[in-house]
Amino acid sequence: MVETEGKSIDTHGYLELRQELLRRDRSLRDKVVSLEEATSFVRDGDLVGIGGSTMSRTPMGMIWALIRAGRKRLSCSRSIMSSDGDLLLAGGICDRVVTSWFSQGILWGVSKVMRHYVETGNVRYDEWSHMAMGMRFRAGAMGVPFMPIRSMLGSDVQKQRPEAIEIDCPFTGEKLLLVPALNPDVALIHVQRCDAYGNAQIDGLQFMDIDLAMAANKVILTTERIVSNDQIRRAPDQTKIPFFAVDAVVELPFGCAPHECYGVYEPMLRHMEYYVALVNGDPVKGMQQYMDRFVHGPKSWSEFLALLGIEELLEAARAGESIYDA
Amino acid sequence: MLEKRNYTAAELLTILSARQLSDGQVVFAGVGIPLLAATLAQRLRCPGLTILFEGGVIGAFIEPGKLPPSTNDQRCTKRANMVLGSAEVLLLLQRGYVDVGFMSGAQVDQYGNLNSSFIGDPLRPKTRLPGTGGGNDIASLAQMIVAMKHEKRRFVEQVDFITSPGYLHGRDTRRKSGLLAGGTFRVVTDLAVFGFEDEKRRMQVISLNPGVTRERLQDNTGFALDFAPHLGVTEPPTDQELELVRELDPDRLYTA
């Protein structure tokens, strides 16, 4: 898979995009499924869009379930990747990442797991600027094949991406870079609450999730809480993703653990520090040890949470709610 | 009373970077020292400084001891004026609302280009680094201040990979590539403060940090240095600056 000028493997013709949408059942219906059932919405080889950013509102539970379900050859795109990316690579389900930044977090230097898989050539890392990622999802959400931007020009980031095209603006003659639309086959997004139909409310930082939801050909929501449609209707201005863009709803408390969910819990930093020390010490054996214990070991997501420990969960929840303190 | 000599390189970097900001500016800050320096400036002399984070925050006021682990965490939104999408906040750079972009890098060269993507040949890298994040966007679209530790392997003639553009290959190469606005304005290190000469757009030393000689600076730099005609000496950190940095980062998350 090598891009040539103007050819993006992630960008499709308009009619194909419309056909994909027509095939979906967009009626107002109950879409609640279990975490395990939701994995069937992702097929081997899919281009997956992941919501949130770095350690925030990461759909960790969904990623965890996809690894357990043994998906293969996924291409995963996200604004910024953290330890979710490590898990996707070491879990053997992803062979290409499309992102602007990939490490566990700025506090811990460079991810040895990312380095191991990318430097050996086992995984391809397509690097775009953060704004370019946003404009690629935006173009996808708008139903147009590209967006013009004024960054990346002149840099080696641009040189590595022949699928982005430099043009002279037909109005001003200025140079612009056209970045191709990104329409994921499926988007994984975690929200604070939604109803059974998929009307989703997001508190705080929304990152690129609205564009991502509207660009994708399928959306799986995991949510801290399923609420009634009446509750959604009491504050429709808080609804950020409409039900007709959503295909599956999974109720999954602490669904971003050990990352954060705005207003509900902060990152579980003690677990993250344990994780980083283990996997950056030895990206193969350390990661294997982590996967055995925390991904393949537990019988359920609740059992995974129990492994993190009630103390750490409560501490994270207390800190999470403190954002609303005056 | 604090011992003035007794500060870390990261504390010095934070303090010197903070001095580059002025009240009333809109600053786009990366995580780590840029975030801390912008917060220091805001608390010390620039109450009207507006800090933007790429996670989607306008007008952040970071709380002492609660530094966020990234610019995408909820802690970044505390007492902010506005929370918005990350594409939206990055587009403010493109529209021109941002006075100063403020970031760090793994490697910088004589034209102020930054590398945070690859060490060695990008096709067979010795090290794959995390990548640009918003760095390329900030550097492409705003006047940029770079804060970084001064080491010979980080201060090179030509970066292995231009992740975030400075003046590219000097003179008007930046403009000709289509980058019509912005450019690297200052590079602040624990040894000196640098600007860029108007014509060639090459880095030049504008002030040496306390106790640093020209020779020591040159020995720690991978290219021949130019010195500004009126070379200054950086004022050492004041007690007030040091106290505040330590109050903001008591756990030395960014300033170890």
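Everything numeric here is computed off the predicted structure, so don't read it as measured data. Each chain carries its own residue numbering, running from 1 in the written order of its sequence. To read the labels, note that chains go from A and ligands from 1, taken in the order they are written. Reporting in this predicted model follows two pLDDT cut-offs: at least 70 for local features of residues, and 80 or more for side-chain atom pairs to be given and counted; totals over whole chains, interfaces and linings ignore these cut-offs and use all residues. To get the side-chain values, take all heavy atoms of the structure and skip hydrogens and water.

## Quick notes on the sheet that holds strand β7 (residues 175-180) of chain A
All names here are of chain A.
- Strands were regarded as paired on the criterion that DSSP finds at least two bridges between them. A run of H or I in DSSP counts as a helix once it spans at least four residues, and a run of E counts as a strand once it spans at least two, with each numbered from the N terminus. As summarised here, the arrangement of the three strands in space is β5-β7-β6, forming an open sheet in which the pairing is antiparallel. In this open sheet, the two strands that pair with only one neighbour each are β5 (146-149) and β6 (165-168). Taken over all neighbouring pairs, the strand axes of this sheet differ in orientation by 35° on average, direction set aside.
- Sheet topology note: the β6/β7 ladder contains four bridges and is antiparallel. Within β7, the position partnered with I167 by the bridge is L176.
- We call two residues in contact when some of their heavy atoms are within 4.5 Å. Here the axes come from fitting lines to C-alpha atoms, over the contacting stretch only for helices, and the angles between their N-to-C directions go from 0 to 180 degrees. Across the sheet, helix α6 (residues 130-142) touches β5 and β7, and the angle it forms with β5 is around 145°.

## Side note on the domain arrangement of chain A
Residues and elements named next belong to chain A.
- What the domain assignment reports for chain A is domain 1 (14-145 + 182-324) and domain 2 (146-180).
- Start and end positions for the domains come from either an automated domain assignment or a database one. Using C-alpha coordinates to define each centre, domain 1 is positioned 29 Å away from domain 2.
- Between domain 1 and domain 2, the contact holds 15 residues from the first and 11 residues from the second.
- The buried area of a pairing is the accessible area, by a 1.4 Å probe, that goes missing from both parts when the two are put together, added over both. Taking both sides of the interface into account, the surface hidden between domain 1 and domain 2 amounts to around 1100 Å²; carbon and sulfur atoms contribute 66%.
- The three residues of domain 1 that bury the most area against domain 2 are E127, W128 and P145, which together make up 42% of that side's buried surface.
- The salt bridge criterion pairs a side-chain nitrogen of Lys or Arg with a carboxyl oxygen of Asp or Glu, the two atoms within 4 Å. Linking domain 1 with domain 2 are one salt bridge.
- We call two N or O atoms a polar contact when they sit within 3.5 Å, provided that within protein one can donate a hydrogen and the other can accept it, with sequence-adjacent residues counted only if both atoms are side-chain atoms. Taken together, domain 1 and domain 2 are joined by three residue pairs in polar contact (both at pLDDT 80 or more).
- Counting only elements with at least two residues in the side of domain 1 that touches domain 2, the list comes to β4 (124-127) and α6.
- Considering every element that reaches the side of domain 1 that touches domain 2, the biggest residue donor is α6, with seven residues.

## Observations regarding the pattern of salt bridges
All names here are of chain A.
- Counted according to the given criterion, the structure contains 28 salt bridges over all chains.
- As a salt-bridge pair, D25 and R29 come within 3.1 Å of each other at their nearest N and O atoms.
- Measuring nitrogen to oxygen at the nearest pair gives 2.9 Å for the salt bridge that ties D126 to R96. With D126 in strand β4 and R96 in strand β3 (residues 94-99), this pair connects stretches of sequence that are 30 residues apart. R96 matches D126 in its accessibility class, with the two residues each being buried. To sort residues, take the accessible area from a 1.4 Å probe on protein chains only and compare it with the maximum for the residue type: under 20% means buried, over 50% means exposed, and anything in between is partly exposed.

## Looking at the interface of chain A and chain B
- With 54 residues of chain A at the interface, the matching set in chain B holds 51 residues.
- In this assembly, chain A packs against chain B so that about 4200 Å² is buried in total across both faces, 57% of it on carbon and sulfur atoms.
- When residues of chain A are sorted by the area they lose upon contact with chain B, H130(A), M131(A) and L205(A) head the list and together hold 14% of the total.
- For the pair chain A and chain B, the number of links is three salt bridges.

## Details of the packing of aromatic side chains
- Put simply, two rings from Phe, Tyr or Trp (the six-membered ring, in Trp's case) pair if the centres are within 6.5 Å, and we call them stacked under 30 degrees between planes, edge-to-face over 60, tilted for the rest. Overall, the coordinates contain 13 aromatic pairs over all chains when judged by the stated rule.
- Ring plane angle 25° and centroid distance 4.7 Å describe the contact between Y290(A) and F294(A), whose orientation is recorded as stacked. On the criterion of helical spacing, the pair formed by Y290(A) and F294(A) is a turn pair, its members being four residues apart in helix α11 (residues 285-296).
- Overall, Y290(A) belongs to the buried group, its relative accessible area being 4%.
- Judged by its relative accessible area of 2%, F294(A) is buried.
- Arranged with centres 5.7 Å apart and planes meeting at 40°, the rings of F155(B) and F194(B) form a pair that is tilted. One end of the pair, F155(B), is in strand β11 (residues 155-156); the other, F194(B), is in strand β13 (residues 192-196), and 39 residues separate them in sequence.
- Owing to a relative accessible area of 0%, F194(B) belongs among the buried residues under this scheme.
- A network of ring pairs unites the aromatic residues W64(A), Y274(A), Y275(A), Y290(A), F294(A), W301(A) and F304(A) as a single cluster.
- In this analysis the charged atom, NZ for Lys or CZ for Arg, is taken to sit over a ring once it is within 6 Å of the ring centre and within 35 degrees of the ring normal. Over the ring of F61(B) we find R79(B), and its NZ or CZ is 4.7 Å from the ring centre.

## What to know about the sheet that holds strand β6 (residues 107-109) of chain B
Residue and element names in this part refer to chain B.
- With respect to topology, three strands assemble into an open sheet ordered β7-β6-β11, the strand pairing being mixed. Of all the strands in the sheet, the pair left with one neighbour each is β7 (114-115) and β11.
- Examined bridge by bridge, β6 and β11 share two bridges and lie parallel to one another. Looking at the pairing, D109 lines up with V156 of β11.

## Re the environment of I167(A)
Residue and element names in this part refer to chain A.
- Among the secondary structure elements, I167 is positioned in strand β6.
- Overall, the relative accessible area of 25% leaves I167 in the partly exposed class.
- Measuring from C-alpha to C-alpha, the distance between I167 and K240 comes to 34 Å, with 73 residues separating the pair along the chain.
- Residues within four places of I167 in sequence aside, it is in contact with E174, K175, L176 and L178.

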